[in-house]
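Residue-level listing of the chains:
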Amino acid sequence: MKKEHILIIRFSALGDVAMAVPVVYSLAMTYPHVRITVLSRGFARPFFDDLAPNVSFMEADIKGEYRGIKGLNALYRRLVAKKPTAVADFHGVLRSTYLRMRFNMERFRVAHINKHRSGKRALTSSSDKRMVQQPTSFDNYAEVLARLGYPVKLQFSSIFGNEGGDLSLLPAAIGKRNEGEQWIGIAPFAAHKGKVYPPEMMERVIDLIEENNPHCRIFLFGRGRDESHTFPEWCARHSHCIFVGNHLDTMRQELVLMSHLDVMVSMDSANMHMASLTGTPVVSIWGATHPYAGFMGWNQSEDNAVQLDLPCRPCSIFGNKPCRRGDFACMNGIKPEQIYDKINRLLSH
C-alpha cells in the first residue's frame, strides 16, 4: 500500500503562510501516519521546521532557480520525485495553478483554495457594500484538505507550546526578564499606507504606555526602510524602547521573543500573524482593511481590534487601494487613547 503523502503549496506572502501553520499542525495531529511536505519560500522555514514529526519543509526559490515555465517544470519534476499522494494548493496563483495542472494531467489527487472573491468584492464595494464575515484563511485552507479526504478540527495554541520559546537563545540585551516587568511589542508599519497608523500618533501610544507602566520594556518590530528611519529616533526619546532589529538576526529569534510578550500591538500585517502563532494576545489596528475579510490572526479576539465604523470601510482587502476620501480617516481618526485602553485591558488580566 502506498504511504500517504500530502504536498501543500503556499508560496507567499508571509502573513498568509503563517496562517497555514495552525491548519498544517492540525492535519499533522489528526493524521500522524500521513507524511506532510510544505512547499514555500525560504522565509517560511522557521514556521514549519519543528512543527510536528510528520511535517517537513521544502524551499523553492521561485524568483531564481525555479523562475518561469522552465523553472516550474524543473520544480514539478522534483516534487513528483517525492511521490505525493495528494496535492493541496493553498495559494491559487499562476505558479501554483501551473503546478496543479501538471499534477492533474498525471491524475494526482488535487484540490485548490476557494478565495471567496465575490463576498470580498461585496465587502469592499462603494455602492452595494455588504458587511458579512467572510470565511477565514484557516477555514479556506481546511476546506482544501477536506476535499482531499482529510477533514480536520483546528487545534493549535503556539509553535512553542505553553512555555514559550527559549529565551537563552536571545542576546543578553533582550534575554533576561526582570520580575514584575511588562513586555510589550509594537509593530507599527505595514506594506500599504491604508494599513499604517500615523507614526506620530503611535509615538503618543508609547508615551501613554511609559506614563502608566513604569516597569515595562517596549520592543519595536520590523526591518523595513520606515522602521530603520523611525525606530532609532523613538529609542533616543524613549528609554523603555528597544529596536529588535538591532539585536536579533533571525525570524526564529523574533518568534521566541514574541512568545514572551504580554501583548503585541500590530497593524493588519505579518507581525500580527507571527505573534498569534506564539499564543500572544494582539491589539490589532485596522484602517482600510477589516477583520470581516477573514485575515484576523489565529485565535485573536475582535474585542482587541481597534477600528472605526465608517461607511467607506473596508475599501480594500489588502490595504493597497487609494483612499476614496483622500484623508485616511480610518486611521487618522483613531485616538492613541483608544489603542492604549486595549493594551491596558490586556496587561491588567
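Report on the accompanying structure.

### Some details on the nonpolar core
Right, so step 1: With 68 residues, the main nonpolar core has Phe47 and Phe48 as its most contacted residues.
Right, so step 2: Discounting residues that sit within four places of it in the chain, Phe47 has contacts with Leu14, Val17, Ala18, Val21, Ile159, Met251, Leu255, Met274 and Leu277.
Right, so step 3: Met202, Trp234, Cys241 and Val306 belong to the second-largest nonpolar core, a separate cluster that totals 35 residues.

### Examining the packing of helix α9 (residues 199-212) against helix α14 (residues 336-347)
Right, so step 1: The geometry of α9 relative to α14 is characterised by a closest axis approach of 9 Å and an angle of 45° between their N-to-C directions. When the axis of α9 is compared with that of α14, the two are oblique. For the element pair α9 and α14, the recorded crossing hand is right-handed. Residue-level inspection shows Met201, Arg204, Val205, Leu208, Ile209 and Asn212 of α9 in contact with α14, the latter providing Pro336, Glu337, Ile339, Tyr340 and Ile343.

### Here's the deal with unusual backbone geometry
Right, so step 1: Put simply, Ser12 and Ala13 share a cis peptide bond, and its omega is -5°.
Right, so step 2: Considering the arrangement of structural elements, one finds Ala13 in the loop between β1 (5-9) and α1 (14-18).
Right, so step 3: Residue Arg313 is joined to Pro314 through a cis peptide bond whose omega torsion reads -10°.
Right, so step 4: With respect to the helices, strands and loops of the structure, Pro314 is situated in the loop between β11 (305-306) and α13 (329-332).
Right, so step 5: At Lys83, a position not held by glycine, the phi torsion is positive, near 55°.

### Quick notes on the side chain of His238
Right, so step 1: Considering the arrangement of structural elements, one finds His238 in the loop between α10 (225-237) and β8 (241-243).
Right, so step 2: Leave out the neighbours within four places in its chain, and His238 touches Glu203, Ile206, Asp207 and Glu210.

### Considering empty space enclosed by the protein
Take a probe with the size of a water molecule and roll it over the atoms, and the empty space left behind shows itself.
Right, so step 1: Per the stated rule, a full pass over the model turns up 1 cavity of 30 Å³ or more.
Right, so step 2: In this structure, the largest cavity spans a volume of roughly 70 Å³.
Right, so step 3: Lining the largest cavity are Leu310, Cys312, Arg313, Cys315, Cys323, Arg324, Arg325, Asp327, Phe328, Ala329 and Cys330.

### Some remarks on the sheet that holds strand β9 (residues 263-267)
Right, so step 1: As summarised here, the arrangement of the 6 strands in space is β8-β7-β6-β9-β10-β11, forming an open sheet in which the pairing is parallel. Two strands in the sheet have a free side with no partner beyond their single neighbour: β8 and β11.
Right, so step 2: Lying over the sheet, α9 contacts β6 (182-187), β7 (216-220), β8, β9 and β10 (282-285), oriented at roughly 160° with respect to β7.
Right, so step 3: The sheet strands contacting helix α12 (residues 270-277) are β6, β9 and β10, and the helix crosses β9 at an angle near 155°.

### Notes on the environment of Lys342
Right, so step 1: Within the secondary structure, Lys342 sits in helix α14.
Right, so step 2: Remark: the alpha-carbon pair of Lys342 and Gly161, spanning 181 residues in sequence, is separated by 25 Å.
Right, so step 3: If near-sequence neighbours (up to four positions away) are discounted, Lys342 is found in contact with Val283, Asp303, Asn304, Ala305 and Val306.

### Some thoughts on the packing of aromatic side chains
Right, so step 1: Summed over the entire model, instances satisfying the criterion amount to 14 aromatic pairs.
Right, so step 2: Both rings, one in Phe90 and one in Tyr141, keep their centres 4.5 Å apart while their planes meet at 5°; by these two values the pair is stacked. Taken together, the residues span a long stretch of sequence, with Phe90 in the loop between β4 (86-89) and α5 (94-105) and Tyr141 in helix α7 (residues 137-147) at a distance of 51 residues.
Right, so step 3: Here the aromatic rings of Phe189 and Phe231 are separated by 6.1 Å at their centres, their planes lie at 45°, and the arrangement is tilted. Within this pair, whereas Phe189 is found in the loop between β6 and α9, its partner Phe231 is found in helix α10, the two being separated by 42 residues in sequence.
Right, so step 4: Looking at Phe189, the relative accessible area reads 9%, which means it is buried.
Right, so step 5: Among the aromatic side chains, those forming a connected cluster through ring pairs are Tyr25, Phe138, Phe156 and Trp298.

### A look at the layout of surface pockets
Right, so step 1: Considered as a void within the structure, the largest pocket measures approximately 1100 Å³ in volume.
Right, so step 2: As for the largest pocket, its lining consists of 40 residues, of which Ala13, Leu14, Gly15, Asp16 and Lys195 are closest to the centre.
Right, so step 3: Elements supplying a minimum of two residues to the lining of the largest pocket: α1, α6 (117-124), α7, α10, α11 (251-258) and α12.
Right, so step 4: Grouping the constituent residues of the lining of the largest pocket by class yields 16 nonpolar, 12 polar and 12 charged.

About the thresholds
- Residues numbered from 1 in each chain as written.
- Predicted model: local features only at pLDDT ≥ 70, side-chain atom pairs only at ≥ 80, totals over all residues.
- Heavy atoms only, no water.
- Core = buried A, V, L, I, M, F, W, Y, C linked by side-chain atoms within 4.5 Å.
- Buried < 20%, exposed > 50% of the residue type's maximum accessible area, 1.4 Å probe, protein only.
- Contact = heavy atoms within 4.5 Å.
- Axes fitted to C-alpha atoms, helices over the stretch in contact; angles between N-to-C directions.
- Helix = DSSP H or I, 4+ residues; strand = E, 2+ residues; numbered from the N terminus.
- Parallel < 35°, antiparallel > 145°, perpendicular 65-115°, else oblique.
- Left-handed = near helix turned anticlockwise from the far one by under 90°.
- 1 Å grid on protein atoms, 1.4 Å probe; cavity = no way out; pocket = protein on both sides within 12 Å on 5 of 7 lines; lining within 4 Å.
- Points joined across faces, edges and corners; volume = space filled by probe spheres on them.
- Pairing = 2+ DSSP bridges.
- Phe/Tyr/Trp six-rings, centres within 6.5 Å; stacked < 30°, edge-to-face > 60°.
- Nonpolar A, V, L, I, M, F, W, Y, C, P; charged D, E, K, R; others polar.

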